[in-house]
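# Residue-level structural notes
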Amino acid sequence: MSTMPNRLAIPSDASSLPMTLPRLAEMKRLGEPIVMVTAYDYPSALAAEKAGVDLVLVGDSGAMTVLGYDSTVPVELDEILMLAKAARRGLQSPFLIGDLPFGSYEVSDEQAVTTALRFVKEAGCGAVKLEGGGPTSLARARAISNAGIPVMGHVGLTPQTSTALGGYRAQGKTAEQAMLIRDQAVALQDAGCFSIVFEAIPSELAAEIMPQISVPVIGIGAGGGVDGQVLVFHDLLGIREGLGARFVKRYANILDEMVDGVDAFAKDVRDRSFPGPEHGYSIDHDELTAFRGDDERD
Ligand code: KIV
(Lines give C-alpha, C1' and ligand atoms only; values in the text may rest on other atoms or scores of the structure.)
Protein backbone atom coordinates (compact mmCIF):
# COMPACT_ATOMS: atom_id res chain seq x y z
CA MET A 1 0.00 0.00 0.00
CA SER A 2 1.34 3.47 -0.87
CA THR A 3 2.34 5.75 1.99
CA MET A 4 2.12 8.81 -0.29
CA PRO A 5 -0.43 11.40 0.89
CA ASN A 6 -3.47 11.64 -1.32
CA ARG A 7 -2.84 15.04 -2.89
CA LEU A 8 -6.14 15.03 -4.74
CA ALA A 9 -8.30 14.54 -1.65
CA ILE A 10 -11.12 17.08 -1.53
CA PRO A 11 -11.21 18.93 1.82
CA SER A 12 -14.21 18.10 3.98
CA ASP A 13 -15.15 21.80 3.83
CA ALA A 14 -15.09 22.37 0.06
CA SER A 15 -16.29 25.96 0.56
CA SER A 16 -12.75 26.83 1.71
CA LEU A 17 -11.35 25.92 -1.72
CA PRO A 18 -10.20 28.96 -3.71
CA MET A 19 -12.98 30.22 -5.99
CA THR A 20 -12.27 29.79 -9.70
CA LEU A 21 -14.10 30.97 -12.80
CA PRO A 22 -15.15 27.42 -13.79
CA ARG A 23 -16.57 26.97 -10.27
CA LEU A 24 -18.42 30.28 -10.64
CA ALA A 25 -19.93 29.16 -13.94
CA GLU A 26 -20.88 25.89 -12.26
CA MET A 27 -22.65 27.79 -9.48
CA LYS A 28 -24.76 29.55 -12.09
CA ARG A 29 -25.52 26.27 -13.81
CA LEU A 30 -26.58 24.68 -10.52
CA GLY A 31 -28.58 27.74 -9.45
CA GLU A 32 -26.41 28.27 -6.33
CA PRO A 33 -26.63 31.93 -5.21
CA ILE A 34 -23.30 33.75 -5.64
CA VAL A 35 -22.21 36.10 -2.85
CA MET A 36 -20.07 39.11 -3.65
CA VAL A 37 -19.03 41.92 -1.33
CA THR A 38 -16.69 44.85 -1.68
CA ALA A 39 -13.52 45.17 0.40
CA TYR A 40 -10.89 47.87 0.45
CA ASP A 41 -8.32 46.87 3.04
CA TYR A 42 -6.97 43.99 5.14
CA PRO A 43 -9.72 43.89 7.81
CA SER A 44 -12.63 44.14 5.37
CA ALA A 45 -11.04 41.41 3.22
CA LEU A 46 -10.51 39.27 6.31
CA ALA A 47 -14.20 39.64 7.19
CA ALA A 48 -15.13 38.56 3.65
CA GLU A 49 -12.73 35.64 3.85
CA LYS A 50 -14.03 34.45 7.23
CA ALA A 51 -17.64 34.83 6.12
CA GLY A 52 -16.86 32.58 3.14
CA VAL A 53 -18.06 34.87 0.34
CA ASP A 54 -17.44 33.81 -3.26
CA LEU A 55 -16.29 37.06 -4.88
CA VAL A 56 -14.61 40.15 -3.47
CA LEU A 57 -14.64 43.38 -5.44
CA VAL A 58 -12.23 46.18 -4.64
CA GLY A 59 -14.83 48.64 -5.86
CA ASP A 60 -14.11 52.19 -6.85
CA SER A 61 -16.86 52.85 -4.28
CA GLY A 62 -13.83 52.83 -1.97
CA ALA A 63 -13.24 56.35 -3.27
CA MET A 64 -16.23 57.36 -1.17
CA THR A 65 -16.39 54.76 1.60
CA VAL A 66 -12.76 54.80 2.68
CA LEU A 67 -11.09 57.74 0.94
CA GLY A 68 -13.84 60.28 1.59
CA TYR A 69 -14.32 61.63 -1.96
CA ASP A 70 -17.85 62.75 -2.75
CA SER A 71 -18.04 60.56 -5.86
CA THR A 72 -16.05 57.79 -7.54
CA VAL A 73 -14.85 60.11 -10.29
CA PRO A 74 -11.72 61.69 -8.76
CA VAL A 75 -10.04 58.57 -7.40
CA GLU A 76 -6.64 57.76 -8.92
CA LEU A 77 -5.55 54.36 -10.20
CA ASP A 78 -2.69 54.21 -7.67
CA GLU A 79 -5.13 54.83 -4.82
CA ILE A 80 -7.38 51.93 -5.82
CA LEU A 81 -4.33 49.73 -6.42
CA MET A 82 -3.16 50.39 -2.87
CA LEU A 83 -6.59 49.33 -1.54
CA ALA A 84 -6.52 46.22 -3.75
CA LYS A 85 -3.08 45.20 -2.48
CA ALA A 86 -4.24 45.50 1.13
CA ALA A 87 -7.40 43.49 0.40
CA ARG A 88 -5.33 40.79 -1.32
CA ARG A 89 -3.36 40.23 1.91
CA GLY A 90 -6.57 39.33 3.75
CA LEU A 91 -7.88 36.81 1.20
CA GLN A 92 -7.30 33.14 0.48
CA SER A 93 -10.49 31.65 -0.96
CA PRO A 94 -12.67 34.35 -2.54
CA PHE A 95 -11.95 35.40 -6.14
CA LEU A 96 -10.60 38.96 -6.17
CA ILE A 97 -11.76 41.52 -8.74
CA GLY A 98 -10.32 45.02 -9.12
CA ASP A 99 -12.53 47.88 -10.32
CA LEU A 100 -10.96 50.02 -13.05
CA PRO A 101 -11.34 53.63 -11.90
CA PHE A 102 -12.70 56.37 -14.11
CA GLY A 103 -10.03 57.61 -16.52
CA SER A 104 -7.87 54.50 -16.28
CA TYR A 105 -9.30 52.62 -19.29
CA GLU A 106 -11.35 54.88 -21.56
CA VAL A 107 -8.54 56.48 -23.59
CA SER A 108 -7.42 53.45 -25.61
CA ASP A 109 -7.35 49.66 -25.60
CA GLU A 110 -3.67 49.90 -24.74
CA GLN A 111 -4.40 52.06 -21.69
CA ALA A 112 -7.10 49.60 -20.56
CA VAL A 113 -4.84 46.54 -20.92
CA THR A 114 -1.95 48.32 -19.17
CA THR A 115 -4.22 49.25 -16.26
CA ALA A 116 -5.73 45.77 -16.04
CA LEU A 117 -2.25 44.22 -16.01
CA ARG A 118 -1.33 46.38 -13.01
CA PHE A 119 -4.31 45.01 -11.07
CA VAL A 120 -3.20 41.46 -11.84
CA LYS A 121 0.57 41.83 -11.42
CA GLU A 122 0.79 44.37 -8.59
CA ALA A 123 -2.36 43.64 -6.60
CA GLY A 124 -2.87 39.94 -7.33
CA CYS A 125 -6.39 40.39 -8.70
CA GLY A 126 -7.88 37.53 -10.69
CA ALA A 127 -10.00 39.83 -12.83
CA VAL A 128 -11.02 43.45 -13.37
CA LYS A 129 -14.38 45.16 -13.71
CA LEU A 130 -15.30 48.06 -15.93
CA GLU A 131 -18.46 50.12 -16.17
CA GLY A 132 -20.78 50.62 -19.11
CA GLY A 133 -21.86 48.79 -22.22
CA GLY A 134 -21.36 51.47 -24.88
CA PRO A 135 -18.86 51.17 -27.76
CA THR A 136 -15.86 52.29 -25.67
CA SER A 137 -16.49 49.90 -22.77
CA LEU A 138 -17.17 47.04 -25.19
CA ALA A 139 -13.90 47.62 -27.05
CA ARG A 140 -11.97 47.80 -23.75
CA ALA A 141 -13.65 44.67 -22.37
CA ARG A 142 -12.72 42.80 -25.54
CA ALA A 143 -9.12 44.07 -25.49
CA ILE A 144 -8.58 43.16 -21.82
CA SER A 145 -10.19 39.77 -22.27
CA ASN A 146 -8.06 39.12 -25.38
CA ALA A 147 -4.99 39.97 -23.29
CA GLY A 148 -5.92 37.02 -21.06
CA ILE A 149 -7.41 38.96 -18.15
CA PRO A 150 -10.97 38.07 -17.15
CA VAL A 151 -13.34 41.04 -17.22
CA MET A 152 -16.59 41.68 -15.37
CA GLY A 153 -19.07 44.07 -17.01
CA HIS A 154 -21.41 46.49 -15.24
CA VAL A 155 -24.67 47.91 -16.65
CA GLY A 156 -27.63 49.91 -15.39
CA LEU A 157 -26.58 52.57 -12.91
CA THR A 158 -22.89 53.14 -13.58
CA PRO A 159 -21.70 55.65 -10.96
CA GLN A 160 -18.64 56.81 -12.94
CA THR A 161 -20.93 58.26 -15.59
CA SER A 162 -23.90 59.05 -13.35
CA THR A 163 -23.94 62.69 -14.47
CA ALA A 164 -24.76 61.54 -18.00
CA LEU A 165 -27.41 59.19 -16.58
CA GLY A 166 -29.16 62.00 -14.69
CA GLY A 167 -27.69 61.24 -11.24
CA TYR A 168 -27.69 58.26 -8.90
CA ARG A 169 -31.06 56.86 -9.94
CA ALA A 170 -32.55 53.61 -11.15
CA GLN A 171 -32.08 52.93 -14.86
CA GLY A 172 -34.13 51.00 -17.40
CA LYS A 173 -37.50 52.37 -16.36
CA THR A 174 -38.57 53.18 -19.92
CA ALA A 175 -38.83 50.63 -22.75
CA GLU A 176 -36.08 52.45 -24.64
CA GLN A 177 -33.68 52.43 -21.67
CA ALA A 178 -34.59 48.81 -20.92
CA MET A 179 -33.72 47.75 -24.49
CA LEU A 180 -30.41 49.61 -24.25
CA ILE A 181 -29.48 47.83 -21.00
CA ARG A 182 -30.42 44.44 -22.45
CA ASP A 183 -28.38 45.10 -25.60
CA GLN A 184 -25.40 46.28 -23.56
CA ALA A 185 -25.50 43.20 -21.33
CA VAL A 186 -25.63 40.86 -24.32
CA ALA A 187 -22.84 42.80 -26.03
CA LEU A 188 -20.62 42.65 -22.91
CA GLN A 189 -21.13 38.90 -22.79
CA ASP A 190 -20.22 38.67 -26.47
CA ALA A 191 -17.14 40.82 -25.81
CA GLY A 192 -15.89 38.11 -23.46
CA CYS A 193 -17.02 39.22 -19.99
CA PHE A 194 -17.06 36.29 -17.55
CA SER A 195 -19.77 37.95 -15.44
CA ILE A 196 -21.88 41.12 -15.42
CA VAL A 197 -23.14 43.39 -12.62
CA PHE A 198 -26.70 44.72 -12.99
CA GLU A 199 -27.09 47.83 -10.82
CA ALA A 200 -30.33 49.61 -9.92
CA ILE A 201 -32.63 48.33 -12.64
CA PRO A 202 -36.21 47.08 -12.26
CA SER A 203 -36.38 43.50 -11.00
CA GLU A 204 -38.75 42.55 -13.85
CA LEU A 205 -36.30 43.86 -16.43
CA ALA A 206 -33.38 41.95 -14.88
CA ALA A 207 -35.44 38.76 -14.86
CA GLU A 208 -36.47 39.28 -18.52
CA ILE A 209 -32.85 39.74 -19.61
CA MET A 210 -31.55 36.70 -17.72
CA PRO A 211 -32.45 34.01 -20.31
CA GLN A 212 -30.20 35.82 -22.82
CA ILE A 213 -27.19 35.86 -20.50
CA SER A 214 -25.17 32.69 -20.01
CA VAL A 215 -22.54 34.20 -17.69
CA PRO A 216 -23.18 34.79 -13.96
CA VAL A 217 -25.10 38.02 -13.31
CA ILE A 218 -24.52 39.72 -9.96
CA GLY A 219 -27.22 42.15 -8.93
CA ILE A 220 -27.25 45.21 -6.73
CA GLY A 221 -30.75 46.61 -6.77
CA ALA A 222 -31.77 44.26 -9.59
CA GLY A 223 -34.08 41.92 -7.67
CA GLY A 224 -33.77 38.27 -6.79
CA GLY A 225 -33.95 36.82 -10.31
CA VAL A 226 -30.22 37.12 -10.99
CA ASP A 227 -27.42 34.68 -10.11
CA GLY A 228 -25.93 36.50 -7.14
CA GLN A 229 -25.97 39.63 -5.05
CA VAL A 230 -23.38 42.25 -4.13
CA LEU A 231 -23.48 44.96 -1.51
CA VAL A 232 -20.94 47.57 -0.56
CA PHE A 233 -19.20 46.52 2.68
CA HIS A 234 -19.76 49.89 4.38
CA ASP A 235 -23.45 49.92 3.39
CA LEU A 236 -24.27 46.46 4.66
CA LEU A 237 -22.41 47.00 7.93
CA GLY A 238 -23.53 50.58 8.50
CA ILE A 239 -20.04 52.12 8.44
CA ARG A 240 -21.29 55.24 6.72
CA GLU A 241 -23.76 57.96 7.49
CA GLY A 242 -27.19 58.08 5.91
CA LEU A 243 -29.53 55.37 4.78
CA GLY A 244 -27.96 54.76 1.38
CA ALA A 245 -29.78 53.57 -1.71
CA ARG A 246 -33.11 51.71 -1.64
CA PHE A 247 -31.34 48.46 -2.48
CA VAL A 248 -29.17 48.50 0.63
CA LYS A 249 -30.00 46.16 3.48
CA ARG A 250 -28.18 47.05 6.67
CA TYR A 251 -26.99 44.10 8.77
CA ALA A 252 -25.14 46.06 11.47
CA ASN A 253 -24.53 49.60 12.70
CA ILE A 254 -20.77 49.54 13.02
CA LEU A 255 -20.27 53.30 12.65
CA ASP A 256 -22.42 53.83 15.77
CA GLU A 257 -20.36 51.23 17.61
CA MET A 258 -17.13 52.89 16.48
CA VAL A 259 -18.30 56.28 17.71
CA ASP A 260 -19.47 54.78 21.02
CA GLY A 261 -16.11 53.07 21.51
CA VAL A 262 -14.03 56.18 20.78
CA ASP A 263 -16.39 58.26 22.90
CA ALA A 264 -16.00 55.88 25.87
CA PHE A 265 -12.20 55.98 25.48
CA ALA A 266 -12.22 59.79 25.43
CA LYS A 267 -14.34 59.90 28.60
CA ASP A 268 -12.04 57.41 30.38
CA VAL A 269 -8.96 59.47 29.49
CA ARG A 270 -10.59 62.70 30.61
CA ASP A 271 -11.77 61.32 33.97
CA ARG A 272 -8.47 59.41 34.40
CA SER A 273 -10.12 56.01 34.67
CA PHE A 274 -7.89 54.83 31.81
CA PRO A 275 -5.27 53.49 31.96
CA GLY A 276 -5.85 51.22 34.97
CA PRO A 277 -3.09 49.27 36.70
CA GLU A 278 -3.87 46.27 34.50
CA HIS A 279 -2.88 48.25 31.39
CA GLY A 280 0.59 49.19 32.65
CA TYR A 281 3.96 47.44 33.03
CA SER A 282 5.90 47.00 36.26
CA ILE A 283 9.58 47.02 37.09
CA ASP A 284 11.26 44.81 39.71
CA HIS A 285 11.60 46.65 43.05
CA ASP A 286 15.42 46.20 43.20
CA GLU A 287 15.82 47.50 39.68
CA LEU A 288 13.76 50.52 40.54
CA THR A 289 15.85 51.16 43.67
CA ALA A 290 19.05 50.85 41.66
CA PHE A 291 17.64 53.16 39.06
CA ARG A 292 16.76 55.69 41.75
CA GLY A 293 20.29 55.36 43.22
CA ASP A 294 21.74 55.98 39.76
CA ASP A 295 19.48 58.94 39.51
CA GLU A 296 20.84 60.33 42.80
CA ARG A 297 24.50 59.87 41.61
CA ASP A 298 23.83 61.79 38.34
O1 KIV B 1 -17.66 50.10 -6.85
C2 KIV B 1 -18.49 49.29 -6.43
O3 KIV B 1 -18.64 49.05 -5.22
C4 KIV B 1 -19.32 48.60 -7.41
C5 KIV B 1 -20.37 47.67 -6.91
C6 KIV B 1 -21.53 48.44 -6.44
C7 KIV B 1 -20.76 46.68 -7.92
O8 KIV B 1 -19.15 48.79 -8.57
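Above this text is the structure in question.
In short, a report on the structure. Quick caveat: nothing in here was measured; it's all calculated off a predicted structure. The written sequence of each chain sets the order in which its residues are numbered from 1. Restriction of local features to residues with pLDDT of at least 70 applies here, the model being predicted, together with a cutoff of 80 or more for giving and counting side-chain atom pairs; totals for whole chains, interfaces and linings are based on all residues. To obtain the side-chain values, all non-hydrogen atoms of the structure were used and water was disregarded.

### Digging into the pattern of salt bridges
One speaks of a salt bridge when a side-chain nitrogen belonging to Lys or Arg is within 4 Å of a carboxyl oxygen belonging to Asp or Glu. By the definition in use, this model includes 11 salt bridges. Its salt-bridge partner being Glu32, residue Arg23 comes within 2.9 Å of it at the nearest N-O pair. Taken together, the shared-partner salt bridges connect Asp78, Lys85, Arg118 and Glu122 into one network.

### Considerations on the packing of aromatic side chains
Stacked, tilted and edge-to-face are the three classes applied to pairs of Phe, Tyr and Trp rings, where Trp contributes its six-membered ring and a pair requires centres within 6.5 Å; stacked means planes under 30 degrees apart, edge-to-face means over 60, and tilted covers the rest. Going through the model one piece at a time under the given rule, you end up with 2 aromatic pairs. A centroid spacing of 6.1 Å and a plane angle of 70° characterise the contact between Phe95 and Phe194, whose relative ring orientation is edge-to-face. Taken together, the positions of Phe95 in strand E3 (residues 95-99) and Phe194 in the loop between helix H7 (175-190) and strand E6 (195-199) put the pair 99 residues apart, joining distant regions of the chain. Here's how the labels work: a residue is buried when its accessible area is under 20% of the maximum for its type, exposed when over 50%, partly exposed in between, all with a 1.4 Å probe on protein chains only. For Phe95, a relative accessible area of 11% gives the class buried. Judged by relative accessible area, Phe194 falls into the buried class, the value being 12%. Ring centres of Phe265 and Phe274 lie 5.8 Å apart, and the angle between their planes is 70°; on these two criteria the pair is classed as edge-to-face. Looking at Phe274, the relative accessible area reads 32%, which means it is partly exposed. Helical segments are the DSSP runs of H or I of at least four residues, strand segments are the runs of E of at least two, and each set is numbered from the N terminus.

### Comments concerning the nonpolar core
By size, the foremost hydrophobic cluster in this structure holds 76 residues, and its most contacted members are Met36, Leu55, Ile97, Phe119, Ile144, Ile196 and Phe198. Here this core takes 6 residues from helix H4 (residues 77-89), the largest share from any one element. Nonpolar cores are built from buried Ala, Val, Leu, Ile, Met, Phe, Trp, Tyr and Cys residues. Side-chain atoms within 4.5 Å join them into one set.

### Some thoughts on the site of the ligand
Residues are labelled near a given molecule or strand when at least one of their non-hydrogen atoms is within 4 Å of it. Around the ligand, a shell composed of Thr38, Leu57, Gly59, Asp60, Ser61, Asp99, Lys129, His154, Glu199, Ile220 and Val232 is seen. Think of a polar contact as two N or O atoms within 3.5 Å of one another; within protein, one of them needs to be a possible hydrogen donor and the other a possible acceptor, and neighboring residues in sequence only count if both atoms come from side chains. Ser61 has a polar side-chain atom sitting 2.5 Å from an oxygen atom of the ligand. Lys129 is positioned with one of its side-chain polar atoms (N or O) 3.1 Å from an oxygen atom of the ligand. For the ligand, whose free accessible area comes to 260 Å², the fraction covered by protein is 95%. Classification convention: Asp, Glu, Lys, Arg as charged; Ala, Val, Leu, Ile, Met, Phe, Trp, Tyr, Cys, Pro as nonpolar; all other residues, Gly among them, as polar. Residues that form the shell around the ligand fall into these classes: 3 nonpolar, 4 polar and 4 charged. With residues, only the protein chains shown are counted as cover, and all accessible areas are computed by Shrake-Rupley using a 1.4 Å probe.

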